[in-house]
Amino acid sequence: MAVLNKIRQRSLFLIIVIALALFAFVLADLFKSGSAFSSGPQNIVATVNGKDITREDFMQKVEAAQRQAGPNASNTQVINQVFEQEVRQAVMESQFEKLGISIEKDQMRDALKKALGTSPEFLNEAGLFDENKLNEFIANLKEISPNPSFIAGQPITYSDWVNYEKSIAANTLQQSYFNMVRAGLTATLKEGELEHKLEGNKVDIQYVQIPYSSIEDDKVQVSTSDISDYINKHKKQFEVKESRDIKFVQFNEVASEVDENAIKADLQALLKDKVEYNDVSKAEETVVGFLNTINNESFVNSNSDIKFDKRFVFKSALPSEVADSIFKLDAGQIYGPYKDNGYYKVSKVVAVKQVPDSAKVRHVLIPFIGSQSAGPEVTQTEAEAKATADSLLAVIKGDRSKFPELVTSFSSDQGSVQNEGRYDWHPYNSMVPEFNDFEFEGKVGDLGVVKTIFGFHIIEIEGQKERKRALQIATLARKIEPSEATVDKIFRDASNFEIAVDKKDFEAAAKEKSYTVRPVNGVRILDENIPGVGSQRPIVRWAFEDNANVGDVKRFNIPNGYVIAQLVAKHEEGLMSVEDAKATVMPIVRNEKKAALIRSQVSATTLEALAKAQNTTVKSASAVNMKNPMITGSGREPLVVGAAFGLKEGQTSKLIDGANGVYMIKVTKVTPAVKLDSYQAVANRVEQQKLNVVSSKLYNALKEAADIEDNRAENQIQ
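Okay, so let's go over this structure. (Residues numbered from 1 in each chain as written. Predicted model: local features only at pLDDT ≥ 70, side-chain atom pairs only at ≥ 80, totals over all residues. Heavy atoms only, no water.)

## So, the overall build of the protein chain
- The helix and strand inventory of the protein chain stands at 23 helices and 27 strands.
- Whereas a compact globule of 718 residues would reach a radius of gyration of roughly 27 Å, the protein chain reaches 37 Å, over 25% beyond that.
- Seen through its principal axes, the protein chain has C-alpha atoms that stretch 105 × 90 × 70 Å.
- Taking all contacts inside the protein chain whose residues are at least 6 apart in sequence as the whole, residues at least 24 apart take part in 66%.
- Carbon and sulfur atoms make up 51% of the accessible area of the protein chain, which amounts to about 42,000 Å² in all.
- Of the charged side chains in the protein chain, 88 are positive and 98 negative; the average position of the first set lies 5 Å away from that of the second. (Helix = DSSP H or I, 4+ residues; strand = E, 2+ residues; numbered from the N terminus. Rg over C-alpha atoms; globule rule 2.2 N^0.38 Å. Contact = heavy atoms within 4.5 Å. Areas by Shrake-Rupley, 256 points an atom, 1.4 Å probe, with all protein chains shown as cover. Lys, Arg positive; Asp, Glu negative; His and termini not counted. Charge placed at Lys NZ, Arg CZ, Asp CG, Glu CD.)

## Here we look at the sheet that holds strand β7 (residues 243-252)
- Taken together, 4 strands build an open sheet; the order of strands is β16-β7-β20-β19 and the sheet is antiparallel. Because the sheet does not close on itself, it has two edges, and the strands there are β16 (518-524) and β19 (553-558). Strand-to-strand twist in this sheet, taken as the mean axis angle between neighbours without regard to direction, amounts to 35°.
- Inspection of the sheet shows β7 paired to β16 by 5 bridges, in the antiparallel sense. Looking at β16, one finds that Ser243 is bridged to Arg524. (Pairing = 2+ DSSP bridges. Axes fitted to C-alpha atoms, helices over the stretch in contact; angles between N-to-C directions.)

## Considerations on the packing of aromatic side chains
- Scanning the entire structure with this criterion turns up 19 aromatic pairs.
- Relative to Tyr164, the ring of Trp161 has its centre 5.4 Å away and its plane inclined at 45°; by these criteria the two rings are tilted. One end of the pair is Trp161 and the other is Tyr164, both in helix α7 (residues 158-183) and 3 residues apart, which spans about a single turn.
- By relative accessible area, which is 1% here, Trp161 ends up buried.
- For Tyr164, a relative accessible area of 26% puts it in the partly exposed group.
- Judged by centre distance (6.2 Å) and plane angle (80°), the ring pair of Tyr230 and Phe238 falls under edge-to-face. Phe238 matches Tyr230 in its accessibility class, with the two residues each being buried.
- By way of ring pairs, the aromatic residues Phe122, Phe137, Trp161 and Tyr164 are connected into one cluster. (Phe/Tyr/Trp six-rings, centres within 6.5 Å; stacked < 30°, edge-to-face > 60°. Buried < 20%, exposed > 50% of the residue type's maximum accessible area, 1.4 Å probe, protein only.)

## Considering the pattern of salt bridges
- Under the definition given, this model contains 36 salt bridges.
- One salt bridge in this structure joins Glu191 and Lys690, with 2.8 Å as the shortest N-O distance. Of the two residues, Glu191 is situated in helix α8 (residues 189-200) and Lys690 in helix α23 (residues 680-705); the sequence distance between them amounts to 499 residues.
- Across the pair Glu195 and Lys627 runs a salt bridge, and its minimum N-O distance is 2.8 Å. Residue Glu195 is located in helix α8, and its partner Lys627 is located in the loop between β22 (619-624) and β23 (630-631); the two are separated by 432 residues in the primary sequence.
- Relative accessible area serves as the criterion here: at 8%, Glu195 is assigned to the buried category.
- Among the ionic contacts, a cluster of salt bridges with common partners joins Arg362, Arg400, Glu420, Arg422, Glu460 and Glu462. (Salt bridge = Lys/Arg side-chain N within 4 Å of Asp/Glu carboxyl O.)

## Some words on the sheet that holds strand β1 (residues 44-48)
- The 3 strands lie next to each other as β2-β1-β27, forming an open sheet whose pairing is antiparallel. Each edge of the sheet is formed by a strand with only one pairing partner; in this case those strands are β2 (51-54) and β27 (708-710). For this sheet, the mean inter-axis angle between neighbouring strands, taken without regard to orientation, is 20°.
- Taken together, the 3 bridges between β1 and β27 define a ladder with antiparallel strand orientation. In the sheet register, Thr47 faces β27, and the bridge partner there is Glu709.
- Helix-sheet contacts for helix α3 (residues 55-69) involve β1 and β2, and the interaxial angle to β2 is about 55°.

## Re the packing of α3 against helix α4 (residues 75-99)
- At a closest axis distance of 9 Å, the pairing of α3 and α4 adopts a crossing angle of 125°. Classed by the angle they form, the pair α3 and α4 counts as oblique. Handedness of the α3/α4 crossing: right-handed. Counting all contacts with α3, which are made through Asp57, Phe58, Lys61, Val62, Ala65, Gln66 and Ala69, the residues of α4 involved are Asn75, Val78, Ile79, Val82, Phe83 and Glu86.
- Looking at side-chain class alone, the contact of α3 with α4 contains 8 nonpolar, 2 polar and 3 charged residues. (Parallel < 35°, antiparallel > 145°, perpendicular 65-115°, else oblique. Left-handed = near helix turned anticlockwise from the far one by under 90°. Nonpolar A, V, L, I, M, F, W, Y, C, P; charged D, E, K, R; others polar.)

## A look at a negative patch on the surface
- Negative charge collects at one region of the surface, where Asp52, Asp707, Glu709 and Glu714 lie side by side.
- Tracing the backbone through its elements, the reader meets Glu714 in the segment after β27. (Patch = residues over 30% accessible without salt bridge, like charges linked within 9 Å, V, L, I, M, F, W, Y side chains within 5 Å.)

## Considering the nonpolar core
- Phe58, Val91, Met92, Tyr177 and Phe178 are the most contacted members of the largest nonpolar core, which has 25 residues in total.
- Counting only elements with at least two residues in this core, the list comes to β1, α3, α4, α7 and α23.
- Among all residues touching Met92, those that are not within four sequence positions of it are Gln174, Tyr177, Phe178, Tyr699 and Leu702.
- Counting residues in hydrophobic clusters, the runner-up holds 17 residues, among them Phe248, Val520, Ile530 and Val533. (Core = buried A, V, L, I, M, F, W, Y, C linked by side-chain atoms within 4.5 Å.)

Here it is, written out as structure tokens:
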């Protein structure tokens, strides 16, 4: 107590000390990374061909993209997507400026018309795009800024609209640029003739192959300097970005066998009636179990991790492993416990009936304020929408031929308006429940008004097909998850391993406990996913921290578990190390040395002599061509095929180093391509091949040639 009193007496002093410490920490961080108010590199996300992408503008676009993507995309995915878009725009803009390409007002108007031509917000009464409506929308958006308006139910601010216009303009300019490049790509008749000869010129050859595999690998020594020399001669192939190698052991919080048995026991205990003492009535009462209850919905909703689903289902909708067992049950019978999709379940057949497997309907949808289909133009309340639907129902009952006309005039379901409000044959349970119940429980010809989350529907059932047996099933489900005792054990195991690797080798400590060590090599600074773990930016960031050293170990919390990771290696930007390139380079250099060794041992100058010396046979290959340089029995050998076309008929080559061995070949027959009266058709094909390359490779070529400085890591944007 005396200590506590002293702390209370000095509380003001302690608060001041803590505040000063925090302030010093913030100042130290500012001095370390530069002033928060400066306009230096920390405010530049990237520089592309001298053009800066500012942090403020970039993050605004990230926020807009994140809103549009919703929860299905991670922040890192959105950042990378926006970054690639911004880099592309900067790369292309530098090309536009060089060529003096710009977008004019009429081009922009046409581009917006094309992009928004089907948006109901900008259509007039005749269903045509109305430029005045677009202008009014933009003016209003500017007036209410920063508050949003809506397009197709999606919020959009004036700032978003400006960025949207920029993207439309960029896409239009890019299309113009690509079209200009395409216009410059042609194929001459000579190119057509060359292509025809590459395909049509053929040779028949005889050959002897001495495969590299005929020499054991251990007979040829490949040194570290050999690999290094190869890397330096082929630098372009071995340029690498900065990366890290890590390894880790993963501890997952998963249910043990004991946990699973306990879950099954809990489910089985719910099946039978039981007697319990009631504190209120002061008497013992019988609690009805799942087997005997008649209120299945209430029982399931009170005792299951998955709520009761009142829909009837066909056999095809049941889990395949238990479908046969459940579908043969009668009403009141039970199956389980069984495992399905992370749950233990017990299923009870509540009811059985015959249901059409598909239906065909048409409808008119009347939205109201607050319904999911309501856009900003909807002004009717729920009561007003119901009254409208009832009046339209009366009109249709009097004359069903008016249905298509009323669809066009009143329905807000744009997906069916073009088909007179019709949804052609579709399966049971493919619509929202209320809509589904009406169309499958009614009869062909029925008309009615149905309320759903989208509004009020006036529905006519036009057809039903093939009634089948369907079940209504009540299912008790318990999620398979670890008990508190299991979670505690996993925590202890992870903690003990973390302590162990501080004293002994990572691999040895893992082997001692039979843990699996997972290596991950080549992790890049902006990577998000760790194989086997998923999105784990904290692990990636740690591996690239300045104070992280090779051999360091750190513990990370992951969803439902832990990872104990070790930093194995740091690879700086530049040429790949000999050790990392070894797996790729060694087979190449080894084959080069084998080729030299084979050459030194061969003195034969004819196929027959070579075959005899190598204890093999002379092989044949027919109709070999340059376009597809394959040799029957040996695979793809472009150098060997190229050499064959340099020989005359009857001529024998010297030794040729191929991809799979050393060859000697003899051309036995030369068949020239058939001469054509015109090579225009082939030239046209060559031209089309060139044009196809523009879409797939032009931007990548421009990007590769661009000067791009990526500062995302330095700015800690990830």
